[in-house]
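The chain contents come next:
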Amino acid sequence: MEQLYGITQLLFSALLLCGLLLHIVSQNDKLKKKPNFIIILADDIGWGDLDANQPEERANNTPYLNLMALQGLRMTDFHSPASTCSPSRAAILTGRYSLRNGVTHNFGVNSLAGLPLSEVTLPQLLQKAGYHTAMIGKWHLGHNGPYSPTNRGFDYYLGIPYSNDMGCTDMPGYNLPQCLPCDSDGPQVIRNARGGCYSRVGLPLIENSSIVEQPLDLWTLTEQYKSAALRIIHNASERGQPYLLYIALAHMHVPLAPPLSPDAPTADHHPNSGVYAASLRELDSLVGAIKTASDVTDRDNTLIWFTGDNGPWEQKCQYAGSVGPFGGKWQTSKGGGSAKQTTWEGGHRVPTVAYWPGRIIANTTSSALLSGMDIFPTVLSLAGVTLPSDRCYDGIDATNILLHGEQMGHEFLFHPNSGAAGKFGDLQTVRSGKHKAFYITGAAEACGGGTGKQQVHDPPLIFDLEHDESEETPLDVKTPEYQTVAERIARGREELLWDIATDKSVSIADYRTDESAAPCCDPTQAVCRCPRLG
C-alpha cells in the first residue's frame with residue numbers, strides 16, 4: 001500500500017509540474033504574441049461630448065464609450081496635435097509636428113499631392129513588422145497615386161478621401177448652411193463663404209484604390225463601415241495575424257445617423273433627440289460593435305484607443321459639439337469662437353479613452369499632458385518596433401502612463417496655428433505644466449458669424465489652467481509666477497524652434513491644385529455619377 005501511495009504521489013506531482021509548465025509556456029506565448037491595435041479617431045468632437053467627462057450632465061449619448069472608460073483609462077488632458085483635420089491626422093500617423101512633417105493646413109478635393117512621401121507612417125512600420133494594416137473612414141492626406149492610403153502603409157482601405165461635406169450627395173446630411181443635393185438647380189459652388197459644401201463633384205466612396213460609389217449614400221455609411229471593421233477583426237483573428245485597424249470618422253456635424261421620421265412619436269425619441277446627439281449615439285454604437293468584436297476574438301491582446309482630431313466646429317451652431325468647461329472666455333469676450341481652428345483649449349483638448357483588459361487598469365483616470373502624436377511611438381513600442389533613427393520625433397512613448405499609472409507626460413506641448421490666427425503651422429501657443437502661453441490669439445467664426453481680431457502678444461498671455469480652465473483671466477505680468485513661467489516657456493520654445501530649423505528630416509508638402517485631381521469615376525456624367533460597384 002505504501003508503495004502504491006508513493007507512486008500516486010509521484011504521478012500527482014508530475015501532473016502538477018506539467019500543469020505549471022504549460023501555464024508558464026502559455027503565459028510566455030501571450031507575452032511573445034504581438035498585440036493588436038484599434039485606433040478610433042472622431043472628427044470635430046468636443047471634450048464635453050463624452051458623457052464620462054461630464055457625468056453631471058446625464059446626457060447618456062455615449063454609453064459604450066462610458067463602459068470603455070469604466071473598464072479602461074480615461075485621459076483628461078489629451079490634445080489633438082492640431083486644431084484642424086489634415087495637420088492633426090498627419091501628426092498622429094508620423095509622430096511629428098506639422099512644421100516637421102510638412103502638413104500645415106488642409107488638403108482639398110483638387111489637391112495634387114498630400115502627406116509628403118518622405119514621411120514614414122505608423123502603418124508602414126507595422127506592415128514591415130508583420131501586421132495586417134487596415135483603414136476605414138476619412139483619410140484627408142492626399143488621394144492621388146502614391147498619396148492614397150494603400151500606398152502609405154495600409155493593406156486595405158474603405159472610406160472617403162476627405163471630409164463628408166467636400167462633395168455632394170443625393171440625400172445630404174445636416175449642415176449649416178445646408179448642403180445642396182447633387183444635380184440640384186442651385187448654384188454649383190466649390191465652397192461658399194460660410195464654409196458650406198462642395199457640390200461640383202459627388203462624394204466618392206473608395207475601396208482600396210477604386211471608387212465603388214459616387215455619390216455615396218451617407219445614410220448607409222455607418223453600416224458599411226461597421227461591416228468592414230468586423231470583417232477585418234474576425235479575418236485577422238482567424239489568420240492569427242496581429243493587426244492595426246485605424247478608423248477615422250468624418251465630421252460630426254454631418255451625422256451618419258438616418259434622419260428621424262417626422263411622424264414618429266416623441267416617446268420613441270431619446271430625451272436628447274437633437275441631431276448632434278443622434279450623431280453621437282450613432283458613433284458610440286459603432287464603437288460598441290467594434291469593442292464587442294474585439295472582446296470576442298482577442299480580448300486580452302487588443303488595445304483600443306479612442307480620441308478626436310480636433311474640437312467642435314462652432315460655426316455649425318446646433319450641429320457642433322461641447323467643449324465642456326474649456327470655453328476660451330478671454331477670446332469669446334472679444335468676439336468669435338474658441339474651438340476648432342483655434343489654439344484655445346476647446347480647439348484641441350479632446351475626449352480620449354484607452355482600453356486593454358488585463359493590461360490597462362480598469363476605471364482609472366490620467367491627467368498626464370499627452371498628444372495624439374504620442375500614439376505613434378507608443379504603439380510602436382508596444383509592438384516591439386524600433387523608431388527609425390533618421391528623423392526627429394515629437395511624440396513621447398506613453399506606455400508607462402497607459403499600463404503602469406505614471407502621470408508624467410510632455411514637459412512642453414506646442415499647439416500649432418490652425419487657421420484662426422498667424423501663419424499655418426507656426427508654434428505660437430505653448431503648454432508647460434498647468435500653464436499655457438499665447439504669443440498670438442485669434443478667433444474662429446462663431447455661431448452667428450462673429451469673429452475676433454488677431455492679436456500678437458509680447459510678452460505672451462499666460463493662463464493657469466489648474467485654476468482657470470476656461471482661460472478667462474491671464475496672469476499679471478508683474479508677478480513672480482508670471483516671470484518664472486514666461487522664462488521657462490520662452491526657453492523651451494526657442495529650443496524646439498532651433499531643433500526644427502536644424503532638422504534635416506523636415507518635409508515640405510505640395511499644396512498645388514488642379515481640377516483634374518478631383519476623384520471622378522466617370523467624367524462624362526454630372527458630378528461624376530456612377531452606380532455602386534460590387
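Residues numbered from 1 in each chain as written. Predicted model: local features only at pLDDT ≥ 70, side-chain atom pairs only at ≥ 80, totals over all residues. Heavy atoms only, no water.

- Looking at an unreviewed UniProt entry, one finds the chain named Arylsulfatase G, with Amphilophus citrinellus as its source organism.
- What the UniProt record of the chain gives under Sequence similarities (unreviewed entry) is the line "Belongs to the sulfatase family." (UniProt positions renumbered as here; feature names shortened; annotations may be inferred.)

**Focus on the state of the cysteines**
Defined simply, a disulfide is a covalent bond joining two cysteines at their sulfur atoms.
Now for step 1: By the definition in use, this model includes four disulfides.
Now for step 2: Disulfide partner of Cys 168: Cys 182, at an S-S distance of 2.0 Å. Note on the Cys 168 and Cys 182 pair: the S-S dihedral is about 105 degrees, so by sign convention the disulfide is right-handed. With Cys 168 in the loop between β5 (156–160) and β6 (205–207) and Cys 182 in the loop between β5 and β6, this residue pair connects regions lying 14 residues apart in the sequence. (Disulfide = S-S within 2.5 Å. Helix = DSSP H or I, 4+ residues; strand = E, 2+ residues; numbered from the N terminus.)

**Some details on the packing of helix α2 (residues 63–70) against helix α7 (residues 275–298)**
To describe two helices that pack against each other, one gives the angle between their axes and the distance between the axes.
Now for step 1: One can describe the packing of α2 onto α7 by two numbers: an axis separation of 7 Å at closest approach and a directional angle of 50 degrees. It follows that α2 is oblique to α7 by the angle criterion. For the pair α2 and α7, contact is made by Pro 63, Tyr 64, Leu 65, Leu 67 and Met 68 and by Asp 284, Ser 285, Val 287, Gly 288 and Lys 291, respectively.
Now for step 2: When grouped by side-chain class, the residues that make up the contact of α2 with α7 number six nonpolar, two polar and two charged. (Axes fitted to C-alpha atoms, helices over the stretch in contact; angles between N-to-C directions. Parallel < 35°, antiparallel > 145°, perpendicular 65-115°, else oblique. Contact = heavy atoms within 4.5 Å. Nonpolar A, V, L, I, M, F, W, Y, C, P; charged D, E, K, R; others polar.)

**Quick word on the sheet that holds strand β7 (residues 210–213)**
Now for step 1: Taken in spatial order, the 10 strands of this open sheet run β7-β6-β5-β4-β8-β1-β9-β10-β2-β11, and their pairing is mixed. Looking at the sheet topology across the chains shown, the edges are occupied by β7 and β11 (364–366). Averaged over all adjacent pairs, the angle separating strand axes in this sheet is 15 degrees, with direction ignored.
Now for step 2: Where helix α6 (residues 221–239) meets the sheet, it contacts β1 (36–42), β4 (132–138), β5, β6, β7 and β8 (243–248), and its direction lies at approximately 170 degrees from that of β5. (Pairing = 2+ DSSP bridges.)

**Some words on helix α12 (residues 480–501)**
Now for step 1: Given a rise of 1.5 Å per residue, 22 residues ought to cover 32 Å, and the 32 Å separating the end C-alpha atoms of α12 matches this to within 8%.
Now for step 2: The set of residues buried in α12 consists of Tyr 482, Val 485, Ala 486, Ile 489, Gly 492, Arg 493, Leu 496 and Ile 500. Buried residues of α12 fall within an arc of 140 degrees about the axis and therefore sit on the same side. The outward face of α12, more than 90 degrees from its buried face, is lined by the exposed residues Pro 480, Glu 487, Glu 494, Glu 495, Trp 498 and Ala 501. (Expected span 1.5 Å × (residues − 1). Buried < 20%, exposed > 50% of the residue type's maximum accessible area, 1.4 Å probe, protein only. Arc of directions from axis to C-beta.)

**A short note on helix α10 (residues 375–382)**
Now for step 1: Most of α10 sits out of view: seven of its eight residues are buried.
Now for step 2: Residues Ile 375, Phe 376, Pro 377, Thr 378, Val 379, Leu 380 and Leu 382 constitute the buried set of α10.
Now for step 3: Lining the buried residues of α10 we find β1, α3 (85–94), α5 (122–128), β9 (302–308), β12 (370–371) and α11 (399–404).
Now for step 4: Downstream of α10 by a residue or two, Gly 384 has a phi angle that is positive, lying close to 75 degrees.

**Description of the side chain of Ser 98**
Now for step 1: Along the chain, Ser 98 falls in helix α4 (residues 98–101).
Now for step 2: With relative accessibility at 6%, the residue Ser 98 sits in the buried group.
Now for step 3: When sequence neighbours within four positions are dropped, the list of residues in contact with Ser 98 reads Val 103, Thr 104, Pro 416 and Gly 425.

**Side note on the confidence of the model for the chain**
Should the pLDDT be low somewhere, the predicted coordinates at that spot are not to be read in detail.
Now for step 1: A residue-level look at the chain finds 87% of positions with pLDDT of 70 or above and a mean pLDDT of 90.
Now for step 2: Below pLDDT 50 for its whole length, residues 263–273 participates in 13 contacts with residues either more than four positions away or in separate chains. (pLDDT = per-residue confidence, 0-100.)

**Regarding the sheet that holds strand β15 (residues 435–441)**
Now for step 1: Within the open sheet, the four strands sit side by side as β13-β14-β15-β16. Their pairing is antiparallel. At either end of the open sheet lies a strand with only one pairing partner, and these are β13 (413–416) and β16 (455–464). Strand after strand, the sheet turns through a mean of 20 degrees between neighbouring axes, direction not considered.
Now for step 2: Looking at chain direction, β15 and β16 are connected through six bridges and run antiparallel. Within β16, the residue paired with Phe 438 across the bridge is Leu 461.

**Considerations on the pattern of salt bridges**
Now for step 1: For the coordinates displayed, the defined rule picks out 23 salt bridges.
Now for step 2: As a salt-bridge pair, Asp 77 and Arg 431 come within 2.7 Å of each other at their nearest N and O atoms. Residue Asp 77 is found in the loop between β2 (73–75) and β3 (78–79), and its partner Arg 431 is found in strand β14 (residues 427–432); the two are separated by 354 residues along the sequence.
Now for step 3: For Arg 431, a relative accessible area of 4% corresponds to the buried category.
Now for step 4: In this structure, Asp 390 engages Arg 391 in a salt bridge whose closest nitrogen and oxygen atoms are separated by 3.1 Å. (Salt bridge = Lys/Arg side-chain N within 4 Å of Asp/Glu carboxyl O.)

**Structural notes on the pairing of β13**
Now for step 1: Residue alternation in β13 divides its side chains into two sets, Leu 413 and His 415 and Phe 414 and Pro 416, and both sets are buried.
Now for step 2: Strand direction decides the pairing type here: β13 and β14, joined by three bridges, are antiparallel. Paired with Pro 416 across the strands is Leu 427, a residue of β14.

**Points about the packing of aromatic side chains**
Now for step 1: Scanning all chains against the criterion turns up 15 aromatic pairs.
Now for step 2: Judged by centre distance (6.0 Å) and plane angle (15 degrees), the rings of Phe 154 and Tyr 246 are stacked. Of this pair, Phe 154 sits in the loop between β4 and β5 while Tyr 246 sits in strand β8, and the two are 92 residues apart along the sequence.
Now for step 3: Using a relative accessible area of 1% as the deciding quantity, one classes Phe 154 as buried.
Now for step 4: Through pairs of rings, three or more aromatic residues link up here, namely Trp 330, Trp 344, Phe 438 and Phe 463.
Now for step 5: Positioned above the aromatic ring of Trp 313 is the side chain of Lys 316, whose terminal nitrogen or guanidinium carbon lies 4.6 Å from the ring centre.
Now for step 6: It is Lys 334 that lies over the ring of Trp 330; its NZ or CZ is 4.0 Å from the centre. (Phe/Tyr/Trp six-rings, centres within 6.5 Å; stacked < 30°, edge-to-face > 60°. Lys NZ or Arg CZ within 6 Å of the ring centre and 35° of its normal.)

**Some points on unusual backbone geometry**
Now for step 1: Put simply, Leu 176 and Pro 177 share a cis peptide bond, and its omega is 0 degrees.
Now for step 2: With respect to the helices and strands, Pro 177 occurs in the loop between β5 and β6.
Now for step 3: Geometrically, the link from Asp 458 to Pro 459 is a cis peptide bond, its omega value of 10 degrees lying close to zero.
Now for step 4: Tracing the backbone through its elements, the reader meets Pro 459 in strand β16.
Now for step 5: In the Ramachandran plot, His 140 falls in the positive-phi region, its phi being about 60 degrees despite a non-glycine side chain.
Now for step 6: As for its position among the elements, His 140 is in the loop between β4 and β5.
Now for step 7: Among the residues examined, His 140 registers a relative accessible area of 2% and is labelled buried.
Now for step 8: Positive phi, close to 55 degrees, is recorded for Cys 317, a residue that is not glycine.
Now for step 9: As for its position among the elements, Cys 317 is in the loop between β9 and α8 (329–332).

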